[in-house]
Amino acid sequence: MKRSVLTRYRAMAYVTAVMLLILCACMVAKYGFDTGADLTFLVSQAHGVLFMIYLVFAFDLSSKARWPFGKMLWVMLSGTIPLAAFFVERKVRAEVEPLVSDSVATAKA
């Protein structure tokens, strides 16, 4: 597996997780303090687009790593739970890194 597949997934996992935290803060401001409705709308739209890109990259990684459907689904859903994507990304990286290293070593041989 190419390293770029893992790199794309990791970048989008972080971006999606940060955007979700920002969206949560905006929702608290909107519904708790009745302010920032326009900002909440913009952040929610941006998070939605970025989440769709995250789903594509997570699917690409899961198909190349040959994960079962349940694991793929959990990785995809982790982008909807605040802070979960940070932990899932770390676990995925630790699991997929040997696959990337093995393919690089065999390509050089």
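It should be noted that the structure appears before, not after, this text.
Residues numbered from 1 in each chain as written. Predicted model: local features only at pLDDT ≥ 70, side-chain atom pairs only at ≥ 80, totals over all residues. Heavy atoms only, no water.

Peer 1: Help me understand the nonpolar core in this model?
Peer 2: Nonpolar side chains tend toward joint burial in soluble globular proteins. By size, the foremost hydrophobic cluster in this structure holds 18 residues, and its most contacted members are Tyr-9, Tyr-54, Leu-61, Trp-67, Val-75, Val-92 and Val-96. Among the secondary structure elements, those contributing two or more residues to this core are helix 1 (3-33), helix 2 (37-65), helix 3 (69-77) and helix 4 (84-108). Excluding residues that lie within four positions of it along the chain, Trp-67 makes contacts with Leu-61, Ser-62, Met-72, Val-75, Val-92, Glu-95 and Val-96. (Core = buried A, V, L, I, M, F, W, Y, C linked by side-chain atoms within 4.5 Å. Buried < 20%, exposed > 50% of the residue type's maximum accessible area, 1.4 Å probe, protein only. Helix = DSSP H or I, 4+ residues; strand = E, 2+ residues; numbered from the N terminus. Contact = heavy atoms within 4.5 Å.)

Peer 1: Sorry, what's going on with the pattern of salt bridges here?
Peer 2: Working definition: two side chains of opposite charge can pair if their charged atoms are close together. One pass over the structure, following the stated rule, counts 5 salt bridges. Across the salt bridge formed by Arg-3 and Glu-97, the nearest N and O atoms sit 2.9 Å from each other. With a gap of 94 residues between them, Arg-3 in helix 1 and Glu-97 in helix 4 connect regions that are remote in the sequence. For Arg-3, a relative accessible area of 40% translates into the label partly exposed. With a closest N to O distance of 2.8 Å, Asp-60 and Arg-8 form a salt bridge. Of this pair, Asp-60 sits in helix 2 while Arg-8 sits in helix 1, placing them 52 residues apart in sequence. Within the structure, one salt-bridge network assembled from shared partners comprises Arg-8, Asp-60 and Lys-64. (Salt bridge = Lys/Arg side-chain N within 4 Å of Asp/Glu carboxyl O.)

Peer 1: What am I meant to see in the packing of helix 2 against helix 3 here?
Peer 2: When two helices pack together, their arrangement is given by the angle between their axes and by how far apart the axes lie. Packing of helix 2 against helix 3 brings their axes to within 9 Å, and their N-to-C directions diverge by 155°. As summarised for this structure, helix 2 and helix 3 are arranged roughly antiparallel, according to the angle between their axes. Taken as a pair, helix 2 and helix 3 cross one another with a handedness that is right-handed. Contacts between helix 2 and helix 3 involve Phe-51, Tyr-54, Leu-55, Ala-58, Phe-59 and Ser-62 on the former and, on the latter, Met-72, Val-75 and Met-76. Its residues assigned to classes, the contact of helix 2 with helix 3 shows 8 nonpolar, 1 polar and no charged. (Axes fitted to C-alpha atoms, helices over the stretch in contact; angles between N-to-C directions. Parallel < 35°, antiparallel > 145°, perpendicular 65-115°, else oblique. Left-handed = near helix turned anticlockwise from the far one by under 90°. Nonpolar A, V, L, I, M, F, W, Y, C, P; charged D, E, K, R; others polar.)

Peer 1: Can you walk me through unusual backbone geometry in this structure?
Peer 2: Residues other than glycine predominantly adopt negative phi, and peptide bonds predominantly adopt the trans conformation. Even without a glycine there, the phi angle at Arg-66 is positive, about 55°. On the secondary structure map, Arg-66 appears in the loop between helix 2 and helix 3. In the Ramachandran plot, Leu-83 falls in the positive-phi region, its phi being about 75° despite a non-glycine side chain. Among the structural elements, Leu-83 can be located in the loop between helix 3 and helix 4.

Peer 1: Would you mind going over the packing of aromatic side chains with me for this structure?
Peer 2: Note on aromatic pairs: each is described by the distance of the centres and the angle between the planes. One pass over the full model with this rule turns up 3 aromatic pairs. Here Tyr-9 and Tyr-54 contribute two aromatic rings whose centre-to-centre distance is 5.8 Å and whose plane-to-plane angle is 35°, an arrangement assigned as tilted. In this pair, Tyr-9 is assigned in helix 1 and Tyr-54 in helix 2, connecting sequence segments 45 residues apart. Judged by relative accessible area, Tyr-9 falls into the buried class, the value being 0%. (Phe/Tyr/Trp six-rings, centres within 6.5 Å; stacked < 30°, edge-to-face > 60°.)

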